[in-house]
Amino acid sequence: LDLSNFVELRDATAALTMFQTGIRISTLAQLTESDFDLDNRLLTIGGEMMKAREPIQLPFDERLGMMLEALLEQNDIIRTEKGVRNKNVFITQHGGKLQTSATNNTLRKRLKLYEQEFGLQHLNPHALRRGFAKRLLDKGASITFIAKALGHSSTEVTARYLYIDKVEVANELRKFL
C-alpha cells in the first residue's frame, strides 16, 4: 500500500492495529487519540468499548507507533480542512467516523477490496484478530493470557477460536508432566 496516500495509510494502520492487538473492528472504529500512548507504545481500551466490558492494555511495536503518528498528523489536516471535530483515530477522508452502523464499516469494505486487488485470501477483521491470537500461541503465550487479550469469557472460547482440539491440548500438556 502507498503510505503517502491517506486512505491507504489509514487502512494499513488499522489492519496492523488489529493484527498486533487483536481488537475487534467495532472497537477499532471507536478508538480516540487518548486511547494511544505513543511514548510507551500502549493501547488502553476502556471497558465500555469491550464486548466483555473489561478494560485492557495492549502493547504495540515501534513500526505501528510510527504509522499512528503519521496518521494522527494527517487526521489533523483533514479535520482542519473539513471543519470536523472529533478525536477518532480512524476516520474517513472527509473526517467522519469510519463505522456509521453495525453493518456499515468502511474498513471492512476496503479490506475486501484489497483482498480482491492483491489476490489474497482471508483478509478480513476476523482473520486479523485470529492471526493475533495464533501468533501469540505459536510464540508460547498461555491460552489464559490470549483469552484475556481477546476479551473472551473463558479459555474454552479461545481454544475454539484458535481451532485447538482436545488432542492438541493433551499433547501440549504432556510437556509439563
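On a predicted model such as this, the values are computed, not experimentally measured, just so you know. (Residues numbered from 1 in each chain as written. Predicted model: local features only at pLDDT ≥ 70, side-chain atom pairs only at ≥ 80, totals over all residues. Heavy atoms only, no water.)

> What is the right way to look at the side chain of D11 in this model?
Structurally, the position occupied by D11 is in helix α1 (residues 6-21). Residue classification places D11 among the buried residues on the basis of a relative accessible area of 1%. Of the polar contacts made by the side chain of D11, one reaches the side chain of R110; its length is 2.8 Å. One polar contact links D11 to Y114, side chain to side chain, over a distance of 2.6 Å. Look past the residues within four positions of D11 in its chain and what remains in contact with it is L107, R110 and Y114. (Helix = DSSP H or I, 4+ residues; strand = E, 2+ residues; numbered from the N terminus. Buried < 20%, exposed > 50% of the residue type's maximum accessible area, 1.4 Å probe, protein only. Polar contact = N/O pair within 3.5 Å; in protein donor to acceptor, adjacent residues only side chain to side chain. Contact = heavy atoms within 4.5 Å.)

> For this particular structure, what's the right way to read the packing of aromatic side chains?
The description of an aromatic ring pair uses the distance of the two centres, along with the angle that the planes make with each other. Tallied over the entire structure, the rule returns 2 aromatic pairs. Both rings, one in Y114 and one in F118, keep their centres 6.3 Å apart while their planes meet at 25°; by these two values the pair is stacked. On the accessibility criterion, Y114 (4% relative accessible area) is buried. Among the residues examined, F118 registers a relative accessible area of 45% and is labelled partly exposed. (Phe/Tyr/Trp six-rings, centres within 6.5 Å; stacked < 30°, edge-to-face > 60°.)

Interpretation note: all reported values are geometric properties and have no functional meaning in isolation.
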